[in-house]
Amino acid sequence: APLGLRWRGLSVLAVAQAKFFTMRILRLVKACRAVSRCQAAQPIYVARRYAGHSKWANIRHKKAAEDVKKSALFAKLGQEIRTAVRVGDSRDPTQNARLASVLDKAKKAGLPKDVIARAVEGKSDTNLETVFYEGFAPGGIAVRIEARTDSRNRTAARVRHILSKHGGELGALGSVTWLFDRRGVVDVADANSAAVLDVAAEAGAEDVVDDDDGGARVYCPPDEVAQVRDALEDSGFLVADTVILYEPRELIEVPEDKPAGSVTW
């Protein structure tokens, strides 16, 4: 074929191929624009985490906090049982008034029976002893402090620091003990002193007074606190608490220039 026709055929073919690829590219661009418009029209959802708005999370955190408090309470009660056994020199609650009081408190708190049994047997990984300190709070108020520790020197330094920090001072042994009487106390709920007087007196109580919560407080010798408690419960009274404590013989008013917060720590 002549050379001119040959070049003309190549030109026509190149133009046809260019048109073909141009159309393909235009269709592709048009399709991409359509997809972009569809995606833009659809709402976009973003997952967010809201702290404190989950019911189950709140329950979990609340239960965890309650478990921590219960664990601390159980540990404290277990140590109190072991201390009561050691101080009272008896594992029999009928012969150890302090142990009877602590056992009653442990049962009301829900302490498991096996834990109570181990504590009564004195099984523990720690060797703590009970120590007493005496001193004066701001305003000349006498205080008697009971502590359980594995280091007398460390605890004495800590107590001395707390007293001096709040305007008090640590006294010598026996400096304020004579101002207190060791007594058993049984708190009765929803009953006045007149209602429980006869039952408490027959059981060995020394005094019955009304408390500020609408109940009655029964005082008795420490060795008879379990007997008084059982007699009141057998008579249908609701015993709220039983404890052995050192009752002050005389109460004094806190001076006005000494706020209550500096006396109670």
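Residues numbered from 1 in each chain as written. Predicted model: local features only at pLDDT ≥ 70, side-chain atom pairs only at ≥ 80, totals over all residues. Heavy atoms only, no water.

Novice: Run through the packing of aromatic side chains, naming residues and quoting values.
Specialist: One pass over the structure, following the stated rule, counts zero aromatic pairs. A cation over a ring is seen here: Arg144 above Tyr246, with NZ or CZ 3.8 Å from the ring centre. (Phe/Tyr/Trp six-rings, centres within 6.5 Å; stacked < 30°, edge-to-face > 60°. Lys NZ or Arg CZ within 6 Å of the ring centre and 35° of its normal.)

Novice: How would you sum up the pattern of salt bridges? Please name residues and give values.
Specialist: Within the structure shown, the criterion is met by eight salt bridges. A salt bridge links Asp104 to Lys108, with the shortest nitrogen-to-oxygen separation between them at 3.5 Å. In this pair, Asp104 and Lys108 both sit in helix H3 (residues 97–109), four residues apart, roughly one turn of the helix. Residue classification places Asp104 among the buried residues on the basis of a relative accessible area of 14%. Lys108 sits in the partly exposed class, given a relative accessible area of 43%. A salt bridge links Asp187 to Arg217; the shortest N-O distance between them is 2.8 Å. Of the two residues, Asp187 is situated in strand E4 (residues 180–189) and Arg217 in strand E6 (residues 216–220); the sequence distance between them amounts to 30 residues. In this structure Arg217 comes out as partly exposed when scored by relative accessible area, which is 26%. (Salt bridge = Lys/Arg side-chain N within 4 Å of Asp/Glu carboxyl O. Helix = DSSP H or I, 4+ residues; strand = E, 2+ residues; numbered from the N terminus. Buried < 20%, exposed > 50% of the residue type's maximum accessible area, 1.4 Å probe, protein only.)

Novice: Tell me about the environment of Thr177, residues and numbers included.
Specialist: Here Thr177 shows up in the loop between strand E3 (169–170) and E4. When the C-alpha positions of Thr177 and Tyr246 are compared, they lie 8.9 Å apart, and in sequence the two are 69 residues distant. Thr177 has contacts with Glu134 and Arg144, leaving out every residue within four places of it along the chain. At 2.3 Å, the side chain of Thr177 and the side chain of Glu134 are in polar contact. (Contact = heavy atoms within 4.5 Å. Polar contact = N/O pair within 3.5 Å; in protein donor to acceptor, adjacent residues only side chain to side chain.)

Novice: Any details on helix H7 (residues 225–234)? Residues and values, ideally.
Specialist: When H7 is considered as a whole, its buried residues turn out to be Val225, Ala226, Val228, Arg229 and Leu232. Buried positions in H7, seen along its axis, are confined to an arc of 165 degrees and lie on one side of it. Those residues of H7 that are buried are in contact with H3, E4, helix H6 (193–203), E6 and strand E7 (238–248). At the C-terminal side of H7, Gly236 shows a positive phi close to 95 degrees. (Arc of directions from axis to C-beta.)

Novice: Before we move on, could you go through the pairing of strand E5 (residues 207–210) and cite the residues and values that matter?
Specialist: The sheet contact formed by E5 and E6 spans four bridges and is antiparallel. Counterpart to Val208 in the pairing with E6 is Val218. Linking E5 back to E6 in an antiparallel pair, the connection comprises five residues, with Gly214 at a positive phi of about 85 degrees. (Pairing = 2+ DSSP bridges.)

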